[in-house]
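What follows is each chain in one-letter form.
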Amino acid sequence: MKIRGNQQMLREINKSLLLNLIYLHAPISRVELARLTKLSPTTVSVLVEEIINEGLIHETGTTGSGVGRKMTMLEINAENGYVIGIDLSRESSLIILLNLRGELIRTEKMECFIGEQSLREKLPLAIDDFINQQNIDRKMIKWIGLAVPGIIDEEQKTIIGSKYLQVRNFPLKDYLNKSFNIPIYIVNDIEAAGFAERFSGAAKGKSTIVYILIDYGIGAGFVINNQIYRGAASRAGKIGDFYPYGIDTLYERLKEEYPEVNIESDKEATIQKFVSLALDGIEPYEHDLNEMIKQIAKYCGNVIQLLNPEQLIVSGWIASNEKLAHRITDLIHEYEDNPNNPTPVNTSFWKNDGPAIGAATIGLHQMFRTKTVR
């Protein structure tokens, strides 16, 4: 029995290895899979047929020309399932639908869910309504991921604390499990956004990155050798010095000090107007903005010196203006003090969609990752 069990385990590991390679490199042939995995062509063919029968992949045509044998190519069966990602960190919550290839199918804004009652009663109804609008079998929904501003417990079930959502020790996953027979995952919003950048965004293929967010939420996410670093009590990445630069706090200050830049209580538009005036060299806006970005750049430069990441990504309102992003990048390199080999600094690829995209693609990562022996 043990031998049979070990053989079955090895079979599942090899299948997951093939599925992972198809996900990452499709379209790809059986010949190439055998070359990459060092498995025999017969083994690859048998396991591929099993995966095809499970509906996760399909054949997509042939490649090659001339008299030689043409190779049949394999691809993820994109329409055989979907994953949902939800971002609860902004004034308008965002919900998105991806197919199994990670292609964005639908994006919608929802109301902001603040407080236990709203999260317990209104959020499940909003998710249910979104699913109903898609006109797909519920069995096709393979994952619901939620990006949450705040501290999450190690089991990814409970929001230990979220100032923005105004909850403490709130078992969000348990409440949602009462409404949905679908795998549910809760993740910190900054971690989710950073994952999206590594999985399919600006840092794709990188194993050590730093992700800085200055938006409605403030914080940093660290990935070291492909492992998320959360620190003691999951509090790594809190940047108290940046709190005055968060959209809510910064908007209130600008509205009071520069009432002429206020645009009908539109926080983001007001900040962008202030930035535009500052970048045009108009005082006192230019001096004010310069002081802010100096502090931001100094922190980023120090983090680069400390961790030596492959890439640093900045996101939020500081990355929404190309000219501002270039100025911050130049300052970061000055504080990094490594002129001969500066660390690449990029703005986020997914921008405001990052947390929702990340919460969804974690599901794809779980589905298509290579299994290991535990």
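In this report, the structure presented in the accompanying data block is examined. Predicted, not measured: the structure shown is a model, and the values here were computed from it.

## Re the sheet that holds strand 5 (residues 93–99)
Okay, so step 1: If you trace the five strands from one edge of the open sheet to the other, you get 6-5-4-7-11, paired in mixed fashion. Each having just a single partner strand, strand 6 (104–110) and strand 11 (184–188) make up the two edges of the open sheet. Across the sheet, the mean angle separating the axes of adjacent strands is 20 degrees when strand polarity is ignored.
Okay, so step 2: Relative to strand 11, strand 7 (residues 141–148) runs parallel, the two being bridged by five bridges. Following the sheet pairing, Val148 is matched in strand 11 by Asn188.
Okay, so step 3: In the packing of helix 4 (residues 116–133) onto the sheet, contacts are made with strand 4 (82–87), strand 5, strand 6 and strand 7, and the angle to strand 6 comes to roughly 145 degrees.

## Brief notes about the nonpolar core
Okay, so step 1: Counting residues in each nonpolar core, the largest one holds 39 residues, and the members touching the most others are Ile212, Ile214, Leu289, Leu312 and Trp317.
Okay, so step 2: Where this core is concerned, the elements lending two or more residues are strand 12 (209–214), strand 13 (218–224), helix 7 (247–257), helix 8 (267–279), helix 9 (285–307), strand 15 (311–316) and helix 10 (322–336).
Okay, so step 3: Sort the elements by how many residues they give to this core and helix 9 lands first, with nine residues.
Okay, so step 4: Leave out the neighbours within four places in its chain, and Leu289 touches Phe274, Val275, Ala278, Leu279, Trp317 and Leu324.
Okay, so step 5: Ranked by size, the runner-up nonpolar core spans 37 residues in total, among them Val48, Ile76, Trp350 and Ile362.

## Details of helix 9
Okay, so step 1: The terminal C-alpha atoms of helix 9, which comprises 23 residues, lie 33 Å apart, in line with the 33 Å expected from a rise of 1.5 Å per residue.
Okay, so step 2: Residues Tyr285, Asp288, Leu289, Met292, Ile293, Ile296, Ala297, Cys300, Gly301, Val303 and Ile304 constitute the buried set of helix 9.
Okay, so step 3: At the C-terminal side of helix 9, Asn308 shows a positive phi close to 50 degrees.

## Let's talk about the packing of helix 8 against helix 9
Okay, so step 1: Here helix 8 crosses helix 9 at 105 degrees, and the two axes come no closer than 7 Å. Judged by the inter-axis angle, helix 8 sits roughly perpendicular to helix 9. Of the residues in helix 9, those touching helix 8 at Phe274, Val275, Leu277, Ala278 and Leu279 are Tyr285, Glu286, Asp288, Leu289 and Met292.
Okay, so step 2: Its residues assigned to classes, the contact of helix 8 with helix 9 comprises eight nonpolar, no polar and two charged.

## Here's the deal with helix 8
Okay, so step 1: The first and last C-alpha atoms of helix 8 sit 18 Å apart over 13 residues, in line with the 18 Å expected at 1.5 Å per residue.
Okay, so step 2: Here helix 8 has its buried residues at Lys267, Thr270, Ile271, Phe274, Val275, Ala278 and Leu279. Burial along helix 8 is one-sided: seen end-on, the buried residues are contained in an arc of 165 degrees.
Okay, so step 3: Where helix 8 is buried, its residues meet helix 7, helix 9 and helix 10.

## Overview of the pattern of salt bridges
Okay, so step 1: Enumeration according to the criterion identifies 20 salt bridges in this entry.
Okay, so step 2: For Glu108, the salt bridge identified is with Arg106, shortest N-O distance 2.6 Å.
Okay, so step 3: Residue classification places Arg106 among the partly exposed residues on the basis of a relative accessible area of 29%.
Okay, so step 4: Residue Asp248 is joined to Lys267 by a salt bridge in which the shortest nitrogen-to-oxygen separation is 2.7 Å. A residue pair is termed long-range when its members are at least 10 positions apart, and Asp248 in helix 7 and Lys267 in helix 8 qualify at 19 residues.
Okay, so step 5: Here Asp248 falls in the partly exposed class, since its relative accessible area comes to 27%.
Okay, so step 6: For Lys267, a relative accessible area of 18% puts it in the buried group.
Okay, so step 7: Taken together, the shared-partner salt bridges connect Arg11, Lys15, Glu50 and Glu54 into one network.

## Describing the sheet that holds strand 3 (residues 71–76)
Hydrogen bonds between backbone groups are what pair the strands of a sheet, and the pairing can be parallel or antiparallel.
Okay, so step 1: In spatial order, the strands read 1-3-2; together these three strands make up an open sheet with antiparallel pairing. Each end of this open sheet is capped by a strand with a single partner; those strands are strand 1 (28–29) and strand 2 (57–63).
Okay, so step 2: As judged from the two bridges shared by strand 1 and strand 3, these two strands associate in the antiparallel manner. Residue pairing across strands places Ser29 opposite Met73, the latter belonging to strand 3.

## Comments concerning the side chain of Arg30
Okay, so step 1: In this fold, Arg30 is placed in helix 2 (residues 30–37).
Okay, so step 2: For Arg30, the side chain forms a polar contact with the side chain of Glu59, separated by 2.8 Å.
Okay, so step 3: When near neighbours in sequence (up to four residues on either side) are disregarded, Arg30 contacts Val44, Ser45, Val48, Glu49, Ile52, Glu59, Thr72 and Leu74.

## Some points on the packing of aromatic side chains
Okay, so step 1: According to the stated counting rule, one finds 11 aromatic pairs in the structure shown.
Okay, so step 2: With a centroid separation of 5.5 Å and an interplanar angle of 20 degrees, the aromatic rings of Phe195 and Phe199 are classed as stacked. You can see Phe195 and its partner Phe199 sitting in helix 6 (residues 189–200), four residues apart, about one turn around the helix. For the pair Phe195 and Phe199, one class covers both residues: buried.
Okay, so step 3: What links up through ring pairs into an aromatic cluster is the set Tyr23, Phe195, Phe199 and Phe368.

## Some details on the pairing of strand 4
Okay, so step 1: Burial analysis of strand 4 places six of its six residues in the buried class, the great majority of the element.
Okay, so step 2: The two faces of strand 4 match: Tyr82, Ile84 and Ile86 on one face and Val83, Gly85 and Asp87 on the other face are all buried.
Okay, so step 3: The sheet contact formed by strand 4 and strand 5 spans six bridges and is antiparallel. Bridge pairing in strand 5 places Val83 opposite Leu98.
Okay, so step 4: Linkage of strand 4 to strand 5, two consecutive antiparallel strands, is achieved through a turn of five residues.
Okay, so step 5: Inspection of the sheet shows strand 4 paired to strand 7 by six bridges, in the parallel sense. Along strand 7, the bridge assignment pairs Ile84 with Ile144.

Here is what the cut-offs are and how they apply
- Residues numbered from 1 in each chain as written.
- Predicted model: local features only at pLDDT ≥ 70, side-chain atom pairs only at ≥ 80, totals over all residues.
- Heavy atoms only, no water.
- Pairing = 2+ DSSP bridges.
- Helix = DSSP H or I, 4+ residues; strand = E, 2+ residues; numbered from the N terminus.
- Axes fitted to C-alpha atoms, helices over the stretch in contact; angles between N-to-C directions.
- Contact = heavy atoms within 4.5 Å.
- Core = buried A, V, L, I, M, F, W, Y, C linked by side-chain atoms within 4.5 Å.
- Buried < 20%, exposed > 50% of the residue type's maximum accessible area, 1.4 Å probe, protein only.
- Expected span 1.5 Å × (residues − 1).
- Parallel < 35°, antiparallel > 145°, perpendicular 65-115°, else oblique.
- Nonpolar A, V, L, I, M, F, W, Y, C, P; charged D, E, K, R; others polar.
- Arc of directions from axis to C-beta.
- Salt bridge = Lys/Arg side-chain N within 4 Å of Asp/Glu carboxyl O.
- Polar contact = N/O pair within 3.5 Å; in protein donor to acceptor, adjacent residues only side chain to side chain.
- Phe/Tyr/Trp six-rings, centres within 6.5 Å; stacked < 30°, edge-to-face > 60°.

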